[in-house]
Amino acid sequence: YGYESVDITYAGGPHSKIQTLPGVFSDNDKDDADPLRAQNFAFDHSFACQDTATGLFKTQMADGIMGMDNYPESFWRQAYDHGVIDKKAFALCLSRQDSPTKMGIEAGALTMGGHDVRLHTTPMIYSKLDRYEKFVVRLKKMYLRAGGGGNSVLSSDPNLQVLPLDVSEVEYDRYSKVLVDSGTTSTYFPTGLSGAFKALWDELSPGVEFNHQKMHLTDDEINNLPTILLQLEGSEDMNTIINEDPSKVPGLAASIDPDNPYDIIIAIPPTHYMEHDGHGGYIAEFFVDERGYTATMGANTMMGHDILFDVEEGSLGFAESHCDYEKLEEEVAEEEEEMVSEKKDQSTPQSKD
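Remember, it's a predicted structure, so these values are computed and weren't measured experimentally.

Draft legend 1. Just the pattern of salt bridges, in detail. This model, assessed by the stated rule, comprises 11 salt bridges. Residues Arg-118 and Asp-116 are paired through a salt bridge, measuring 2.8 Å at the closest nitrogen-oxygen approach. In this structure Arg-118 comes out as partly exposed when scored by relative accessible area, which is 32%. Put simply, Glu-233 and Arg-138 hold a salt bridge, and the shortest N to O gap is 3.9 Å. With Glu-233 in the loop between strand 11 (227-232) and helix 5 (236-242) and Arg-138 in strand 7 (residues 135-145), this pair connects stretches of sequence that are 95 residues apart. Among the residues examined, Arg-138 registers a relative accessible area of 29% and is labelled partly exposed.

Draft legend 2. Focus on the sheet that holds strand 18 (residues 315-320). The five strands lie next to each other as 4-3-17-18-5, forming an open sheet whose pairing is antiparallel. The outermost strands of the open sheet, each flanked by one partner alone, are strand 4 (108-112) and strand 5 (125-128). Each strand axis lies, on average, 15° off the axis of its neighbour in the sheet, ignoring direction. With five bridges joining them, strand 3 (residues 89-94) and strand 17 (residues 305-310) adopt antiparallel strand pairing. Counted as the bridge partner of Phe-90 is Phe-309 from strand 17.

Draft legend 3. Up close: the state of the cysteines. This model, assessed by the stated rule, comprises one disulfide. One disulfide in the model links Cys-93 with Cys-323; its S-S distance is 2.1 Å. Looking along the S-S bond of the Cys-93-Cys-323 disulfide, the torsion reads about -80°, which is the left-handed sense. Residue Cys-93 is found in strand 3, and its partner Cys-323 is found in the loop between strand 18 and helix 8 (325-347); the two are separated by 230 residues along the sequence. Residues Cys-93 and Cys-323 agree in their burial class; the two are buried.

Here is what the cut-offs are and how they apply
- Residues numbered from 1 in each chain as written.
- Predicted model: local features only at pLDDT ≥ 70, side-chain atom pairs only at ≥ 80, totals over all residues.
- Heavy atoms only, no water.
- Salt bridge = Lys/Arg side-chain N within 4 Å of Asp/Glu carboxyl O.
- Buried < 20%, exposed > 50% of the residue type's maximum accessible area, 1.4 Å probe, protein only.
- Helix = DSSP H or I, 4+ residues; strand = E, 2+ residues; numbered from the N terminus.
- Pairing = 2+ DSSP bridges.
- Axes fitted to C-alpha atoms, helices over the stretch in contact; angles between N-to-C directions.
- Disulfide = S-S within 2.5 Å.

Set out below in structure tokens:
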């Protein structure tokens, strides 16, 4: 609970002084990725202001939540209602940072009203999205890929085994509902998948038991653990637009499930699901022991992807990404400097012979 409050709010950019609502800006202004332009997207934001904290909020670095679900009170919905963005959509791109600090650290990019292809390393592919208050997709299958294939859904070694869990369609239908939630750090699947998951893990990674105890592993040993692959129900209409031949689109399921070529495959490499504890140990933060029937795809699955939450189209887009906003910011600054230089050159009178 908290006190209802209203303040001028915007995402990103400097916040070192009291802000006022911006004037009208045009398409000729600076690139939207420029942090100095962030205040152009300010609006009167209603939110709950709490005066006490309990539980993890007393000890963890994050001491509040910016709601991004599909409620009228969410940050992005209020931005849409105030005319700051013209589409009911936003993209969230989380990068991996091993050394967070209380002063803050670059952790990715939030794009309001759409997505920015400049962040992508693969084309964006689309799953169907249930348009409820929460963002829910449907799990079709789960696979493990033998270790050593890198972080991408495109294996660096095409000869590595990719094996499906020994789970029936009836079981998958029972556990198909997957909540996508960046506010959950880890990833959780129902216990009904546990036996098949651990049996396949033992086959591909003998000598390393799958559990949630601290492990002391070298970088090479981490990289040689299996990569988890999730097959989600795809949006055929959206994915056909990318390329009529799904086998040519990275992340579509054509090569792994020819009967469902427009489903999408999401890779969770060991560098994402194995969490470093800061003291030389690693703990598996991918769980297959949840009670109930709903899975939660948390931040460690989402990281390394630019994920488009497109409520208007009823789709959830995934593109692999470096999620490096600072890199994008530098590229934008260089482009703007070049544009200014070109304008100066054009305006400088040319001498006549």
